[in-house]
Amino acid sequence: MRKKIASYEISSDPKVLHELNCITPELEKELPRYHEVTMEGKRSGVSILLDAIEKHPDCPPLKNYLSVLYGQLNEPQKMYE
């Protein structure tokens, strides 16, 4: 059920965030792996995440993971980009 209040829409459907973030069922299964790659903090994770972002350019969580990884790699300029 969704109600529109002013310029906000309130929903009790847990899948709304997935829709807003363009997370498909396939991508939902892959997200834990991308999270793990991020938390490992290895430079090799950058190419994995860049490939995922190229495949799913409208998915903000992947860009967030990449930003976090750049922070762990002490690359603040790339982190903010």
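For the structure, see preceding data.
Residues numbered from 1 in each chain as written. Predicted model: local features only at pLDDT ≥ 70, side-chain atom pairs only at ≥ 80, totals over all residues. Heavy atoms only, no water.

Q: So, the overall build of the protein chain: which residues are in play, and what are the values?
A: In terms of regular secondary structure, the protein chain is built from five helices and two strands. Compactness check: the protein chain gives a C-alpha radius of gyration of 15 Å against a globular reference of 12 Å for 81 residues, more than 25% above the reference. Each of the three principal axes of the protein chain carries a C-alpha extent, and together these read 45 × 25 × 20 Å. Per-residue burial for the protein chain yields a buried fraction of 27% across its 81 residues. Counting contacts in the protein chain only where the partners sit at least 6 residues apart, residues at least 24 apart contribute 46% of the total. When the accessible area of the protein chain is evaluated, it comes to approximately 6,000 Å², of which 56% is carbon and sulfur surface. Of the side-chain charges in the protein chain, 11 are positive and 13 negative, and the distance between the mean point of each set is 3 Å. (Helix = DSSP H or I, 4+ residues; strand = E, 2+ residues; numbered from the N terminus. Rg over C-alpha atoms; globule rule 2.2 N^0.38 Å. Buried < 20%, exposed > 50% of the residue type's maximum accessible area, 1.4 Å probe, protein only. Contact = heavy atoms within 4.5 Å. Areas by Shrake-Rupley, 256 points an atom, 1.4 Å probe, with all protein chains shown as cover. Lys, Arg positive; Asp, Glu negative; His and termini not counted. Charge placed at Lys NZ, Arg CZ, Asp CG, Glu CD.)

Q: Hey, could you go over the side chain of Thr38 for me, with residue numbers and the actual values?
A: Summarising the element assignment, Thr38 is placed in helix 2 (residues 25-40). Once you skip the residues sitting within four places of it in the chain, Thr38 turns out to touch Leu49, Tyr65, Val68, Leu69 and Gln72.

Q: So what's going on with unusual backbone geometry? Residues and values would help.
A: The backbone of Asn74 sits at a positive phi, close to 60°, despite the residue not being glycine. Along the chain, Asn74 falls in the loop between helix 4 (60-72) and helix 5 (76-80).

Q: Lay out the nonpolar core in plain terms, naming residues and giving numbers.
A: In terms of nonpolar packing, the biggest core is built from 15 residues, with Leu27, Leu31, Tyr34 and Leu62 touching the most fellow members. Secondary-structure elements contributing two or more residues to this core are helix 2, helix 3 (44-55) and helix 4. The leading source of residues in this core is helix 4, at five residues. Excluding anything up to four places from it in sequence, Leu27 contacts Cys22, Tyr34, His56, Cys59 and Leu62. (Core = buried A, V, L, I, M, F, W, Y, C linked by side-chain atoms within 4.5 Å.)

Q: For the environment of Asn21, give the residues involved together with the corresponding values.
A: Checked against the element boundaries, Asn21 lands in the loop between helix 1 (16-20) and helix 2. In this structure, the C-alpha to C-alpha distance between Asn21 and Pro60, residues 39 residues apart in sequence, is 6.1 Å. Setting aside residues up to four positions removed in sequence, Asn21 forms contacts with Asp58, Cys59, Pro60 and Pro61.

Q: If you had to explain the packing of helix 3 against helix 4 to someone new, which residues and values would you point to?
A: Interaxial distance between helix 3 and helix 4 falls to 9 Å at its minimum, and their mutual angle equals 160°. Between helix 3 and helix 4, the angle falls in the class roughly antiparallel. As for the relative orientation of helix 3 and helix 4, their crossing is left-handed in sense. Of the residues in helix 4, those touching helix 3 at Gly45, Val46, Leu49, Leu50, Ala52 and Ile53 are Leu62, Lys63, Tyr65, Leu66, Leu69 and Tyr70. Looking at side-chain class alone, the contact of helix 3 with helix 4 contains 10 nonpolar, one polar and one charged residues. (Axes fitted to C-alpha atoms, helices over the stretch in contact; angles between N-to-C directions. Parallel < 35°, antiparallel > 145°, perpendicular 65-115°, else oblique. Left-handed = near helix turned anticlockwise from the far one by under 90°. Nonpolar A, V, L, I, M, F, W, Y, C, P; charged D, E, K, R; others polar.)

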